[in-house]
Amino acid sequence: QVQLVESGGGLVHYGGSLRLSCAASARTSSRYAMGWFRQAPRNGREFVAAISWSGSRTYYSDSVKGRFTISRDNAKNTVYLQMNSLKPEDAAVYYCNSGLDVGAVVAGRTLDSWGQGTQVTVSS
């Protein structure tokens, strides 16, 4: 069972930046796409960004496109989310997870158990 550990969250002012990390315990087989999701209080978990195994394909929700960048370092089994120009509506607990491909991640068809997430708070 792959374990996912998210980190890098915190309190930031409106317009500020944060870089989230997601470390996955080593996989013994297959190559998966990865993605970031978030959940704000009283809201369901929503898709944020996805990246293919090779990193050649990325996909973003409309709400973060142009502000967030997803990347990965397969040698470190780590996925990153660079978040710029943060807004109060970006405040949420952020989670990562995997999928068979980018489309599966976007559709929420994830493969792993959810980690603890990392809290992002944006002050206005």
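No experiment lies behind these values; they were computed from the predicted model shown.

(A) Region of the structure containing the state of the cysteines. Inspection of the entire model under this criterion finds one disulfide. Two residues share a disulfide in this structure: cysteine 22 and cysteine 96, whose sulfurs sit 1.9 Å from each other. A torsion of 60° about the S-S bond marks the disulfide between cysteine 22 and cysteine 96 as right-handed. Linking cysteine 22 in strand E3 (residues 18-24) with cysteine 96 in strand E9 (residues 92-99), this pair joins segments that are 74 residues apart in sequence. Neither residue differs from the other here; cysteine 22 and cysteine 96 are each classed as buried.

(B) Inspection of the side chain of arginine 72 at higher detail. Among the secondary structure elements, arginine 72 is positioned in strand E7 (residues 68-73). Despite its burial, arginine 72 pairs with no opposite charge, the nearest such side chain being aspartate 73 at 8.3 Å. The residues touching arginine 72, leaving out its near neighbours within four places in the chain, are Tyr32, Ala33, Met34, Ile51, Ser52, Trp53, Gly55, Thr78, Val79 and Tyr80.

(C) Region of interest: the nonpolar core. In terms of nonpolar packing, the biggest core is built from 26 residues, with Trp36, Val48, Phe68, Ile70, Leu81, Met83 and Tyr94 touching the most fellow members. The set of elements that each furnish at least two residues to this core consists of E3, strand E4 (33-39), strand E5 (46-51), E7, strand E8 (78-83), E9 and strand E10 (118-123). Counting residues per element, this core draws most heavily on E3, which supplies four residues. Residue contacts for leucine 81: discarding those within four places in its chain leaves Leu18, Arg19, Leu20, Trp36, Val48, Ala49, Phe68, Thr69, Ile70 and Tyr94. Counting six residues, the second largest nonpolar core, distinct from the first, contains Ala33, Phe37, Ala50 and Val105.

(D) Expanded view of the pattern of salt bridges. Applying the stated rule across the entire model yields four salt bridges. Where arginine 38 meets aspartate 90, a salt bridge forms, and the shortest distance between an N and an O atom there is 2.9 Å. Of this pair, arginine 38 sits in strand E4 while aspartate 90 sits in the loop between E8 and E9; the two residues are 52 residues apart in sequence, bridging distant segments of the chain. Accessibility classification places arginine 38 together with aspartate 90 in one group, the buried group. Residue lysine 65 pairs with aspartate 62 through a salt bridge whose shortest N-O separation is 3.2 Å.

(E) The arrangement of the sheet that holds strand E1 (residues 4-7) in detail. As summarised here, the arrangement of the four strands in space is E1-E3-E8-E7, forming an open sheet in which the pairing is antiparallel. Two strands in the sheet have a free side with no partner beyond their single neighbour: E1 and E7. For this sheet, the mean inter-axis angle between neighbouring strands, taken without regard to orientation, is 15°.

(F) The arrangement of the sheet that holds strand E6 (residues 58-60) in detail. The six strands are arranged E2-E10-E9-E4-E5-E6 in an open sheet whose pairing can be described as mixed. Where the open sheet ends on each side, the last strands, each with one partner, are strand E2 (10-13) and E6. The average angle at which neighbouring strand axes cross in this sheet is 25°, direction not considered. Direction of pairing for E4 relative to E5: antiparallel, over a ladder of five bridges. Looking at E5, one finds that methionine 34 is bridged to isoleucine 51.

Quick notes on the rules
- Residues numbered from 1 in each chain as written.
- Predicted model: local features only at pLDDT ≥ 70, side-chain atom pairs only at ≥ 80, totals over all residues.
- Heavy atoms only, no water.
- Disulfide = S-S within 2.5 Å.
- Helix = DSSP H or I, 4+ residues; strand = E, 2+ residues; numbered from the N terminus.
- Buried < 20%, exposed > 50% of the residue type's maximum accessible area, 1.4 Å probe, protein only.
- Lys, Arg positive; Asp, Glu negative; His and termini not counted.
- Salt bridge = Lys/Arg side-chain N within 4 Å of Asp/Glu carboxyl O.
- Contact = heavy atoms within 4.5 Å.
- Core = buried A, V, L, I, M, F, W, Y, C linked by side-chain atoms within 4.5 Å.
- Pairing = 2+ DSSP bridges.
- Axes fitted to C-alpha atoms, helices over the stretch in contact; angles between N-to-C directions.

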